Amino acid sequence: MAVDIKNLNHNQLNDLINKAQVRQNELRKEKVGKLREKIHALIKAEGYAFEDIFGHGRGKARKSGGTVPPKYRNPADPEQTWSGRGKRPRWFNDALKAGKKEKDLAI
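The rules behind the values
Residues numbered from 1 in each chain as written. Predicted model: local features only at pLDDT ≥ 70, side-chain atom pairs only at ≥ 80, totals over all residues. Heavy atoms only, no water. Buried < 20%, exposed > 50% of the residue type's maximum accessible area, 1.4 Å probe, protein only. Helix = DSSP H or I, 4+ residues; strand = E, 2+ residues; numbered from the N terminus. Arc of directions from axis to C-beta. Contact = heavy atoms within 4.5 Å. Polar contact = N/O pair within 3.5 Å; in protein donor to acceptor, adjacent residues only side chain to side chain. Core = buried A, V, L, I, M, F, W, Y, C linked by side-chain atoms within 4.5 Å. Salt bridge = Lys/Arg side-chain N within 4 Å of Asp/Glu carboxyl O.

Draft legend 1. Highlighting helix 3 (residues 90-97). Restricting attention to buried positions, one finds in helix 3 the residues Trp91, Phe92 and Ala95. Looking straight down helix 3, one finds its buried side chains confined to an arc of 105 degrees; they lie on one side. Of the exposed residues in helix 3, the ones pointing more than 90 degrees away from its buried face are Arg90 and Lys97. Turning to helix 3, the residues buried within the fold contact strand 1 (72-73), strand 2 (81-82) and helix 4 (102-105). Of the residues trailing helix 3, Gly99 is marked for its positive phi of about 105 degrees.

Draft legend 2. Here's a closer look at the side chain of Asn74. Among the structural elements, Asn74 can be located in the loop between strand 1 and strand 2. Reaching out from Asn74, the side chain makes a polar contact with the backbone nitrogen of Ala76 at a distance of 3.0 Å. If sequence neighbours within four positions are ignored, Asn74 has contacts with Gln80 and Trp91.

Draft legend 3. The nonpolar core, seen in detail. Grouped together as the largest cluster of nonpolar side chains are six residues: Tyr72, Trp82, Trp91, Phe92, Ala95 and Leu105. The leading source of residues in this core is helix 3, at three residues. Not counting residues within four places of it along the chain, the set of residues in contact with Trp91 comprises Tyr72, Arg73, Asn74, Gln80, Thr81, Trp82 and Leu105.

Draft legend 4. Quick peek at the pattern of salt bridges. Counted by the stated rule, this structure contains three salt bridges. Notably, a salt bridge pairs Asp15 with Lys19, separated by 3.4 Å at the nearest N-O pair. With Asp15 and Lys19 both in helix 1 (residues 10-45), this residue pair falls four residues apart, about one helical turn. The exposure class assigned to Lys19 is exposed, which follows from its relative accessible area of 55%. In this structure, Glu26 and Arg23 form a salt bridge, with 3.3 Å as the shortest nitrogen-oxygen distance. With a gap of three residues between them, Glu26 and Arg23 both fall in helix 1, about one helical turn apart. A relative accessible area of 39% means that Glu26 is categorised as partly exposed.

Here's what the structure looks like:
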């Protein structure tokens, strides 16, 4: 398929580029899948398991220990708490601007 790119306008050229990139990604995924199958077949033919060769996964995953207990409480609304992690809540910043100290808001 020969395309004369000199006769394409800007939009047609961008469309052609996008289609080519999509096709390139498809071909890459197909090639990776075939290579993965070959590797698994070779490992199995030698009498090993994939984990014997490459280990179990990609290292230790981050441990998600659930929620962090709150460290600060809004004196105006005791149901609003903050663990001290992440972005400061608006009520925390407002309290600091009003003259409160962090230790005044601590639980």
